[in-house]
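Geometric and topological summary
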Amino acid sequence: MEKIYDVVILGAGPAGLTAGLYAGRSRLSTLIVEKGKDGGQIAITDEIENYPGQEVEGESGPSLIARMTAQAEKFGVERAGDVIKEVELVGDVKKLIGNKGTYLAKTVIVATGAFPRPIGCENEGKFVGKGISFCATCDASFFEDFEVYVVGGGDAAVEEAMYLTKFARKVTIIHRRDELRAAKSIQEKAFANPKLSFMWDTVVEKVDGDEILTSMVVRNTKTGEKTLIEADEEDGLFGLFGFIGLLPNTKLFEGILDMENGYIKTDENMHTNIPGVYAAGDMRVKSLRQVVTAAADGAIAAMQAEHYLANLG
């Protein structure tokens, strides 16, 4: 007979790992299913400054996640590496069907996170991994002493652009508005960085090249003027990084869980519209998507799962 877990958690980002920690500590039989590596978005973040209790002198996403993973393991949380293809969430026993197996649970916590929003320019798909990237910490070293462009104007875009200046000889932020949306403290650091420049009121319309990215067309949003930007002849390529927000990873739950613009709707206690099913983290409708709020969501979801289980019998 297949094991029926008290809790199965989908996703091992900050929300999922925190849910696992709380569920495991409550002596619930707990399984975390993750298709990739732990951490989600935070695993590709170079520097964290605003997580309470972090290493003050400097904390990276991977170092923080490694400790979260170890904490969850300490309390007996089981792990499975799998891609869930289908879910049956109604009823006392929920079923999650993956490529490698089927997982049964009395409660489910959805913590599937979000993924980078595409830049939205012509030919973009052809050059992802060939000049276009959405992860500075993953790919910055490939652009040592090259020119790099960053699309976006929020906290993530500016922070990742500053990280890229450690590698690239010049980094230009392309922003569709005439001022950044990033926090003032981050802006101050950016404007003081001599390797950073800014291309205001601009969007990328098209990218091109033979095998790798060597040119792009940008358009001024106010004048409509288009400009061709080409790689330096000696370089033979340039980098283009996109940091313009995230899209919720919720396609699996369409038509099953109530949503708003692709984000799962919950109450303040992480309850979805299906009893025994909770959502936590970036793919939930909420006002602030940060590590600290994801962790809080995960803790609440696990405690609510425990209450639900206590009332089952």
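We now turn to the structure provided with this report. Source: prediction; values computed, not measured.

A closer look at a negative patch on the surface
On the surface, Glu122, Asp208, Asp210 and Glu211 cluster together into a patch of negative charge. With respect to the helices, strands and loops of the structure, Glu211 is situated in the loop between strand S12 (202–208) and strand S13 (215–220). For Glu211, a relative accessible area of 59% translates into the label exposed.

With respect to the pattern of salt bridges
Here the structure, examined in full by the defined rule, presents 12 salt bridges. When the shortest N-O distance is used, the salt bridge between Lys3 and Glu78 registers 2.7 Å. On the criterion of sequence distance, the pair formed by Lys3 in the segment before strand S1 (4–10) and Glu78 in strand S3 (residues 78–81) is long-range, its members being 75 residues apart. In this structure Glu78 comes out as partly exposed when scored by relative accessible area, which is 33%. One salt bridge in this structure joins Glu59 and Arg67, with 2.6 Å as the shortest N-O distance. Taking relative accessible area as the criterion, Glu59 reaches 3% and is therefore assigned buried. Exposure remark for Arg67: the relative accessible area of 37% places this residue in the partly exposed category.

Reading the values: rules and limits
- Residues numbered from 1 in each chain as written.
- Predicted model: local features only at pLDDT ≥ 70, side-chain atom pairs only at ≥ 80, totals over all residues.
- Heavy atoms only, no water.
- Patch = residues over 30% accessible without salt bridge, like charges linked within 9 Å, V, L, I, M, F, W, Y side chains within 5 Å.
- Areas by Shrake-Rupley, 256 points an atom, 1.4 Å probe, with all protein chains shown as cover.
- Salt bridge = Lys/Arg side-chain N within 4 Å of Asp/Glu carboxyl O.
- Lys, Arg positive; Asp, Glu negative; His and termini not counted.
- Charge placed at Lys NZ, Arg CZ, Asp CG, Glu CD.
- Helix = DSSP H or I, 4+ residues; strand = E, 2+ residues; numbered from the N terminus.
- Buried < 20%, exposed > 50% of the residue type's maximum accessible area, 1.4 Å probe, protein only.

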